[in-house]
There are 2 protein chains.
Amino acid sequence: MTTATLDVTAIGNAIVDIIGRCDDAFLSTHQCPKGHMRLVDAPTIQALYAGMGPAVEISGGSAANTAVGIASFGGKAGFIGKIADDEFGRIFAHDIKASKVAFSAAAVGGGTPTSRSLILVTPDGERTMNTLLGISTELGDAELDADLIRAAKVLYLEGYLFDRPEAKAAFRKAVAIAKSAGRDVALSLSDGFCVDRHRDEFKSLIADGVDIVFANEAEIISLYQTTDFDTAASQAAKAMKMAVLTRGAKGSLLLAGSQKVAVPVEAVAQVVDSTGAGDLYAAGFLYGITHGADLAAAGRFGSIAAAEIISHTGARPETSLASLSKNR
Amino acid sequence: MTTATLDVTAIGNAIVDIIGRCDDAFLSTHQCPKGHMRLVDAPTIQALYAGMGPAVEISGGSAANTAVGIASFGGKAGFIGKIADDEFGRIFAHDIKASKVAFSAAAVGGGTPTSRSLILVTPDGERTMNTLLGISTELGDAELDADLIRAAKVLYLEGYLFDRPEAKAAFRKAVAIAKSAGRDVALSLSDGFCVDRHRDEFKSLIADGVDIVFANEAEIISLYQTTDFDTAASQAAKAMKMAVLTRGAKGSLLLAGSQKVAVPVEAVAQVVDSTGAGDLYAAGFLYGITHGADLAAAGRFGSIAAAEIISHTGARPETSLASLSKNR
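Since the model is a prediction, treat every value here as computed from it, not as a measurement.

(A) Just the overall build of chain A, in detail. Secondary structure assignment for chain A yields 13 helices and 13 strands. For a compact globule of 328 residues, the expected C-alpha radius of gyration is about 20 Å, and chain A comes in at 18 Å, within 12% of that figure. The principal-axis extents of the C-alpha atoms in chain A amount to approximately 50 × 40 × 40 Å. Classification of the 328 residues of chain A by burial places 56% in the buried group.

Rendered as structure tokens:
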């Protein structure tokens, strides 16, 4: 086992977010499941875009946000994801490289565009996502940069990619590469509906080599098909080496063997846009555990990063998380 | 003279802003004149983009920002500008229409891209702009929508467009259309260096039919080739029917005939990004005078709008200016 040169390599969708505001009625009219992500085709995303208010474009993607967050803490991160040779691909590549994340993917020609997600933010700050089935969802074996995976202490997998069979197979292969190099593997369950669609395969992947599972309440409840968070958490404690369960305003619960740590949220003046809250919590937590922090301290890094991201529009930090965490 | 159905129709560059942060040394290294706009070619903008930090993309364009600001106050605005058939063109068109501004331009094919401006924001909140010579700078006679010009009480012209002879000619024609319909004409001088390049032609246009001139300190000083604001303001009072002179933190000075009104700035907790301060001041002022406000009240609308825009990244309002102005 060679010494790792990176803290975390993340695999996920390479996405540019198009973030605008709407009211709850708009979500109902367009049948967008509030608080969730759904994959949509080009005509659907065009109809939504035409109907929504003015927007801003900011690089996103769940695992990519996490990688950028780790770099903002001063950690070393890599990212594997697929972009097309178009404006949104250039925006994504620029932003992630400018954030000091190792990213070497070549842009893919052929007409399938870079993925984008229309993110509708309601007055309560909740985000609802409509993601175009673009090139990033076509990630497969060929995109796995084995050197980048082996270079990192932790391989971090984005559950959203599970909707395509090629990506599931690629995840299995990525886990094998990481394990053979003696690395840990982390998995984000990403979305409750996504867990619904792929419950058994998620469980199987977790049993076969995932060291850290990130889930919010909806996701862990869906995984264990219960309606009660505590029941789901008990199941997670038994089935997972380490479970990182985020609970919105209720903070987070960290489970590892016999350890059970509840972490409160950091205060936020106003929740402007919750996009990226889970991604940035994961960034702080992973930065912490790859830098010798115990569970409670790692959870606190997560809470600090989540608090920064929900205080403004977009899922990329506007303030250095390294300086934020030093000042608290 | 028919009744106007719009308050203001603006003519200017149709631009998507790419806004990122940098330090003063970066501006020096890349020879960007701090606080100003310069037109750059594709290789220059690519080199700057490669070197700068992560960015966000938000629709911009000086006069377009003003039109959106007027709409945010509840006024009725139109915009004339040129976009290409590309991603940035679609972003610009979506955002301005979604902001309830009348905009009917067809996207132009042929390879010249939609204009974009790399906006570098330094830690003091000052913005320095590098604008690609894209399709918007090719505005000419053909783009003038005479009905849209005649429909508005005020025609508002963006001085940045003066760098191309075709646009100068188009401005002359637009003024003639507006005047023949009994409308007023407003002109923004846009940039001190721009005034340097076209001083005599700006003076000539002002003498030939401009009713309201918007200028900041650098611009009015450049127009009258003095180093002293008060001297320049005296000259402006003689040469212009109405001069709206913005002075950053010192507020604004409004001159019309024998009237002279000084307007203080609205308090801002922190200047995050000064992009659009002048554009939004103009929005508030024009909304005011097209809704029966006197000079002082119109200036106050301008100050409220400028305060909103400098408190966040980007030059499009994040909060309804109508509600902001009612609550103060």
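After that view, the rundown keeps rolling.
(B) Representation of the sheet that holds strand β3 (residues 37-40) of chain B. Here we have 10 strands laid out as an open sheet, ordered β3(A)-β7(A)-β6(A)-β2(A)-β4(A)-β4(B)-β2(B)-β6(B)-β7(B)-β3(B), and mixed in their pairing. With one partner strand each, in any of the chains shown, β3 (37-40) of chain A together with β3 of chain B form the two edges of the open sheet. Shown here is a sheet whose adjacent strand axes are inclined to one another by a mean of 25 degrees, direction ignored. Sheet analysis places strand β6 (residues 115-121) of chain A next to strand β7 (residues 127-132) of chain A, joined by five bridges and oriented antiparallel. Its bridge partner being in β7(A), A:Ser117 is matched across the sheet by A:Thr131. Against the sheet, helix α4 (residues 87-98) of chain B touches β4 (55-60) of chain A together with β2 (15-21), β4 (55-60) and β6 (115-121) of chain B, its axis set at about 60 degrees to β4(B).

(C) Representation of the interface of chain A and chain B within the structure. Tallying the contact residues gives 19 residues for chain A and 19 residues for chain B. Tallied by class, residues from the side of chain A that touches chain B come to nine nonpolar, five polar and five charged. Pairing geometry for β4(A) and β4(B), over three bridges, is antiparallel. By the bridge assignment for β4(B), A:Glu57 is matched with B:Glu57.

(D) Fine view of the packing of helix α3 (residues 62-72) of chain A against helix α11 (residues 277-289) of chain A. Residue and element names in this part refer to chain A. With their axes 8 Å apart at the nearest point, α3 and α11 run at an angle of 45 degrees to one another. Between α3 and α11, the angle falls in the class oblique. As α3 runs across α11, the sense of the crossing is right-handed. Touching Ser62, Asn65, Thr66, Gly69 and Ile70 of α3 are Asp279, Leu280, Ala282, Ala283, Gly284, Leu286 and Tyr287, all from α11. Looking at side-chain class alone, the contact of α3 with α11 contains six nonpolar, five polar and one charged residues.

(E) Spotlight on unusual backbone geometry. Phi is positive for A:Ser190, close to 75 degrees, though the residue is something other than glycine. Residue position: A:Ser190 is located in the loop between β9 (184-188) and α7 (192-197). By the C-beta count within 10 Å, which is 27 here, A:Ser190 ends up buried. The residue B:Gln31 is not glycine, and still its phi comes out positive at about 50 degrees. Along the polypeptide, B:Gln31 turns up in the loop between α1 (24-29) and β3.

(F) Seen up close, the relation of the copies chain A and chain B. Superposing chain A onto chain B takes a rotation of 180 degrees combined with a translation of 0.0 Å along the rotation axis, leaving an RMSD of 0.0 Å. These values place the two chain copies in the arrangement generated by a two-fold rotation axis. Every residue of chain A has its C-alpha some distance from the rotation axis, and the shortest such distance is that of A:Glu57, at 2.4 Å. Interface residue correspondence from chain A to chain B reaches 100%, placing this contact among same-surface, isologous pairings.

(G) View of the sheet that holds strand β10 (residues 212-216) of chain B. All names here are of chain B. If you walk across this open sheet you meet the eight strands as β5-β1-β8-β9-β10-β11-β12-β13, and the pairing is mixed. The outermost strands of the open sheet, each flanked by one partner alone, are β5 (77-80) and β13 (259-263). Strand-to-strand twist across the sheet, computed as the mean angle between neighbouring axes with direction ignored, equals 15 degrees. As defined by bridge partners, strand β11 (residues 242-246) adjoins strand β12 (residues 252-256) across five bridges and the pair is classed as antiparallel. Counterpart to methionine 242 in the pairing with β12 is alanine 256.

(H) Summary view of the packing of helix α11 (residues 277-289) of chain B against helix α12 (residues 295-310) of chain B. Residue and element names in this part refer to chain B. Contact pair α11 / α12: the axes reach a minimum separation of 7 Å and the direction vectors enclose 145 degrees. Viewed along their axes, α11 and α12 form a crossing whose handedness is right-handed. From α11, Ala277, Leu280, Tyr281, Ala282, Ala283, Gly284, Phe285, Tyr287, Gly288 and Ile289 reach across to α12, where they touch Ala297, Ala298, Gly299, Phe301, Gly302, Ser303, Ile304, Ala305, Ala306, Glu308, Ile309 and Ile310. For the contact of α11 with α12, a count of residues per class yields 16 nonpolar, five polar and one charged.

(I) The arrangement of the pairing of β7(A) in detail. Residue and element names in this part refer to chain A. Most of β7 sits inside the fold, with six of its six residues counted as buried. Residues Arg127, Met129 and Thr131 of β7 are buried on one face, and the alternating residues Thr128, Asn130 and Leu132, pointing to the opposite face, are buried as well. Here four bridges tie β3 to β7, and the two strands are oriented parallel to one another. Bridged to methionine 37 within β7 is methionine 129. Hairpin connection between β6 and β7: a loop of five residues separates the two successive antiparallel strands, and glycine 125 in this loop has a positive phi of roughly 90 degrees.

The rules behind the values
- Residues numbered from 1 in each chain as written.
- Chains lettered and ligands numbered in written order.
- Predicted model: local features only at pLDDT ≥ 70, side-chain atom pairs only at ≥ 80, totals over all residues.
- Helix = DSSP H or I, 4+ residues; strand = E, 2+ residues; numbered from the N terminus.
- Rg over C-alpha atoms; globule rule 2.2 N^0.38 Å.
- Buried ≥ 20, exposed ≤ 12 C-beta atoms within 10 Å, placed from the backbone.
- Pairing = 2+ DSSP bridges.
- Axes fitted to C-alpha atoms, helices over the stretch in contact; angles between N-to-C directions.
- Contact = placed C-beta atoms within 7 Å.
- Nonpolar A, V, L, I, M, F, W, Y, C, P; charged D, E, K, R; others polar.
- Parallel < 35°, antiparallel > 145°, perpendicular 65-115°, else oblique.
- Left-handed = near helix turned anticlockwise from the far one by under 90°.
- Least-squares fit on C-alpha atoms with pLDDT ≥ 70 in both.

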